[in-house]
Amino acid sequence: MPLRVTLAEDSALLREGLVSILGRFGHNIVDAVADADSLTEAVQARRPDLIITDVRMPPGNANDGLRAAVRLRQHLPRLPVLVLSQYVDQSYAAQLLDSDDGVGVGYLLKDRVGAVAEFNAAVEQVAAGATVIDPEVVRQLMRRRSDPRRRLTARELEVLALMAQGRSNDMIGRQLYVTDAAVNKHIGNIFSKLALPVTTDGHRRVLAVLAYLRR
Amino acid sequence: MLTYRDPVRHDGERRSRTAWQALARQPVGFLASAWPWRALLYLTSGLLVGALTICLLVVAVTVGLLTAVVLVGVVLLLVTALMGLPFARLERWRLRLVDLDGIPHPHRPPVGLGPRAWLRTRLTEPATWREFTLMVISVTALCWVDAAVLGLAFVVPALCVSAPVDDPAAWPWAVLGGLLLLAAPYSLTAWAGARAALCRIVLAPRGVEIDPHLKEISESRARLLDAFETERARIERDLHDGAQQRLVSLSGTLGLIRLDLPEPSTLHRPLAAAQEQVGLALADLRHLVRGLNPQVLTDNGLVAALEDEASRFPVPVSLDLRLTGRLPQPVEAAAYYAVTEALANVAKHSRATQVELVGRHHADLLSLAVRDNGVGGADVSGGTGLTGLADRLAVLDGRLRVSSPPGGPTLVLMEIPCPFE
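Not measured: the values here are computed from a predicted model.

Some thoughts on the overall build of chain A
Thinking step 1. When you go through chain A residue by residue, the secondary structure sums to ten helices and six strands.
Thinking step 2. Residues counted as buried form 56% of the 215 residues belonging to chain A.
Thinking step 3. Of all intrachain contacts in chain A linking residues separated by at least 6 positions in sequence, the fraction that spans at least 24 positions is 68%.
Thinking step 4. When the accessible surface of chain A is summed, it comes to about 8,700 Å², and 52% of that surface belongs to carbon and sulfur atoms.

Describing the sheet that holds strand E1 (residues 317–322) of chain B
All names here are of chain B.
Thinking step 1. Taking strand neighbours across the sheet as the criterion, the five strands line up as E1-E2-E3-E5-E4 in an open arrangement whose pairing is mixed. The outermost strands of the open sheet, each flanked by one partner alone, are E1 and strand E4 (399–403). Within this sheet the neighbouring strands show an average axis-to-axis angle of 10 degrees, counted without direction.
Thinking step 2. Here E1 runs beside strand E2 (residues 355–362); their pairing, made up of six bridges, is parallel. When the bridges of E2 are listed, Arg322 appears paired with Arg360.
Thinking step 3. Helix H14 (residues 329–350) rests against E2, strand E3 (365–372) and strand E5 (410–417) of the sheet, and its axis sits at about 10 degrees to E3.

Points about unusual backbone geometry
Thinking step 1. In the segment running from A:Pro58 into A:Pro59, the intervening peptide bond is cis, with an omega of 5 degrees.
Thinking step 2. Positionally, A:Pro59 belongs in the loop between strand E3 (50–54) and helix H3 (64–75).
Thinking step 3. One non-glycine residue, A:Asn61, lies in the positive phi region at around 55 degrees.
Thinking step 4. Structurally, the position occupied by A:Asn61 is in the loop between E3 and H3.
Thinking step 5. In this structure A:Asn61 comes out as partly exposed when scored by relative accessible area, which is 37%.
Thinking step 6. Of note in this structure, B:Arg351 is not a glycine but carries a positive phi near 60 degrees.
Thinking step 7. Locating B:Arg351 in the fold gives a position in the loop between H14 and E2.
Thinking step 8. B:Arg351 gets classed as exposed once you look at its relative accessible area, which sits at 69%.

Thoughts on the confidence of the model for chain A
Thinking step 1. Overall, the prediction assigns chain A a mean pLDDT of 86, with 93% of residues at 70 or greater.
Thinking step 2. Within chain A, strand E1 (residues 4–8) of chain A carries the highest mean pLDDT (96), whereas helix H10 (residues 202–214) of chain A carries the lowest (70).

Considerations on the confidence of the model for chain B
Residue and element names in this part refer to chain B.
Thinking step 1. Across chain B, pLDDT averages 83, with 90% of residues at or above 70.
Thinking step 2. Across residues 1–13 the pLDDT falls below 50, and counting only partners more than four positions away or on other chains, this stretch makes 24 contacts in the model.
Thinking step 3. This complex was scored by the predictor with a pTM of 0.60 and an ipTM of 0.83.

A few points about a nonpolar patch on the surface
Thinking step 1. Side chains of B:Leu71, B:Val74, B:Val75 and B:Val79 sit close together on the surface and give an oily, nonpolar patch of about 360 Å² of accessible area.
Thinking step 2. The class for B:Val75 is partly exposed, based on a relative accessible area of 45%.

With respect to the interface of chain A and chain B
Thinking step 1. Contact with chain A, which involves 32 residues of that partner, is made by 30 residues of chain B.
Thinking step 2. Inspection of the region where chain A meets chain B yields four salt bridges.
Thinking step 3. Mapped by element, the contributors of at least two residues to the side of chain A that touches chain B are helix H1 (12–24), helix H4 (90–97) and helix H6 (135–143) of chain A.
Thinking step 4. The element that contributes the greatest number of residues to the side of chain A that touches chain B is H1(A), accounting for five residues.
Thinking step 5. Classifying every residue of the side of chain A that touches chain B gives twelve nonpolar, ten polar and ten charged.

Observations concerning the sheet that holds E1(A)
Residues and elements named next belong to chain A.
Thinking step 1. Strands sit in the order E2-E1-E3-E4-E5-E6 across an open sheet of six strands; the sheet is parallel. Only two strands of the sheet have a single partner each, and these edge strands are strand E2 (28–33) and strand E6 (131–133). For this sheet, the mean inter-axis angle between neighbouring strands, taken without regard to orientation, is 15 degrees.
Thinking step 2. Two elements, E1 and E3, share four bridges in a ladder whose sense is parallel. Bridge assignment links Ala8 to a residue of E3, and that residue is Thr53.
Thinking step 3. Of the strands in this sheet, E1, E2, E3 and strand E4 (81–85) are in contact with H1, which crosses E2 at around 175 degrees.

What about the side chain of B:Arg290?
All names here are of chain B.
Thinking step 1. Looking at the element boundaries, Arg290 is found in helix H12 (residues 268–292).
Thinking step 2. Despite its burial, Arg290 pairs with no opposite charge; the closest candidate is Asp308, at 4.8 Å N-O.
Thinking step 3. Side chain to side chain, Arg290 and His287 meet in a polar contact 3.1 Å long.
Thinking step 4. When neighbours within four sequence positions are excluded, Arg290 is seen to be in contact with Asp308 and Arg312.

Some words on the pairing of E4(B)
Residues and elements named next belong to chain B.
Thinking step 1. Relative to E5, E4 is paired through five bridges, and the arrangement is antiparallel. Note that in E5 the partner of Leu400 across the bridge is Met414.
Thinking step 2. Between E4 and E5, which follow one another and run antiparallel, lie six residues, and Gly407 among them has a positive phi close to 95 degrees.

Comments concerning the pairing of E2(B)
All names here are of chain B.
Thinking step 1. Of all the eight residues making up E2, six are buried; the element is thus mostly covered by neighbouring parts of the structure.
Thinking step 2. For the segment spanning E1, H14 and E2, crossover handedness is left-handed.
Thinking step 3. Where E2 and E3 come together, eight bridges link them in antiparallel fashion. Paired with His362 across the bridge in E3 is Leu365.

Reading the values: the criteria
- Residues numbered from 1 in each chain as written.
- Chains lettered and ligands numbered in written order.
- Predicted model: local features only at pLDDT ≥ 70, side-chain atom pairs only at ≥ 80, totals over all residues.
- Heavy atoms only, no water.
- Helix = DSSP H or I, 4+ residues; strand = E, 2+ residues; numbered from the N terminus.
- Buried < 20%, exposed > 50% of the residue type's maximum accessible area, 1.4 Å probe, protein only.
- Contact = heavy atoms within 4.5 Å.
- Areas by Shrake-Rupley, 256 points an atom, 1.4 Å probe, with all protein chains shown as cover.
- Pairing = 2+ DSSP bridges.
- Axes fitted to C-alpha atoms, helices over the stretch in contact; angles between N-to-C directions.
- pLDDT = per-residue confidence, 0-100.
- Patch = residues over 30% accessible without salt bridge, like charges linked within 9 Å, V, L, I, M, F, W, Y side chains within 5 Å.
- Salt bridge = Lys/Arg side-chain N within 4 Å of Asp/Glu carboxyl O.
- Nonpolar A, V, L, I, M, F, W, Y, C, P; charged D, E, K, R; others polar.
- Lys, Arg positive; Asp, Glu negative; His and termini not counted.
- Polar contact = N/O pair within 3.5 Å; in protein donor to acceptor, adjacent residues only side chain to side chain.
- Right-handed = clockwise from strand over helix to strand, strands pointing away.

Listed below in structure tokens is the structure:
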């Protein structure tokens, strides 16, 4: 299903690159802007299905893009937002996840753009209301927990990171070259180690894990 | 006068520089030294100076107030304010009786020539007003305590001893009098030491007064640091706007090529390798950029930046940061770099398995403590890391203290003055 996307990225080169990647997957870029104020105007003028925005943008060259996105979601609830950043940090993720319970929110390193098919999958999941968080953020959040009883194995961490990116059990199994049953077992272990209620809804389980990690 | 300046040669206490030290080091030998006599002289002269000053002050203030309507009164009140100057000069000179180190002159040379320039300089420098304060404290309290201590040391024993000898009830008084007289050197010296310490605190020149260049040096250091920060920020911005975006874009292009490549192709593998190299270059660049100018510090403040740093640190770091709100930008930057430097030292040298980072903002001081369970033996003078850290903090009048006994644990304590706004 083609999406109507508003894109905000101040680097012309990368903006063109993103336009061609999204176009390649059949999406329609309704606006491609270079600063946070134009993003706000463009979104209010033509309500897109999804915003993709850089964090650091003019006019302030600080986290203007992120702030514009969070503000837009206050006026237009459930407006899906995918935030791209040169580096990721849990404090930015927190601001996004706090906006509208993290429904239809994505936060990825710009590096992930190169894996075009996965990137497109993330775009489509966020547009569908899922939460997609960069594995780097999950790794940072996990590091804060040093309780040995709750320490996850390397494989469980991989599964958790993929879950946070919004992957289904099936996709996780294919990526890690393991069976569905094995994926289910890992997920069960993660939830029991973190003492969380098991839920099969992919989006809710991501939020449960993230909520736990941010506690 | 020579004997005052150099009594140590005679009483054998070569190292005592103050009456207090002498009293504490050799409580018995001290009795035979010159110190009790010096203390006596210090207090007696203090009493005399105090009495004289009270008389002068009373006269000057009374006449000044009575004649305030005419110009003479204003001049007299001005003279009262400036009486602190000769008074303090006398106090500094007397202080040498019980404190051989003395106190240097805290006043600036007058800016310009003539009495008017002298007056302007004196009335505008804090040292003058500290000296005036000391004069007020002296006439209201110190010289009265001098009188009380001298009275307890001599007048009370004299009264006791002079009781009628034929009275059988009088001899315990005589014994008490004798004992008080024996204790006199101690009570005199103890108070003389305390009085001298108080005078030293009030009269001692502050950093800038010792050497006006000190302030200049610290200002020029601050400017240099500012220039460095600006340059770092510029390099970071250039990398962010340039190389990083190009590499991401290149990775995207490679991704699209791979997508459009017909399935059986020999190019899949080299393209994937190329893309991986681009990814590694991006990761390197990200690491470099974070060290140059951490965006999260600018955007979300010190706590977020330190949490970020801790989450990337190879050793588990437990954080206990009770800092509310944002702090001034230079303080946040200095604190952030100080902690990262301290953590880098932990990673390089300590072999620690657990690090604790505690941050507090009490009253007007931001304090950050990095404690590890490593092998200890960190040397402040040796490594450039800790010295650079101390320099960075010194610009903001902060300081660094390190406790690192061989065998550990190591505690690095950083403090930066930072008033609540």
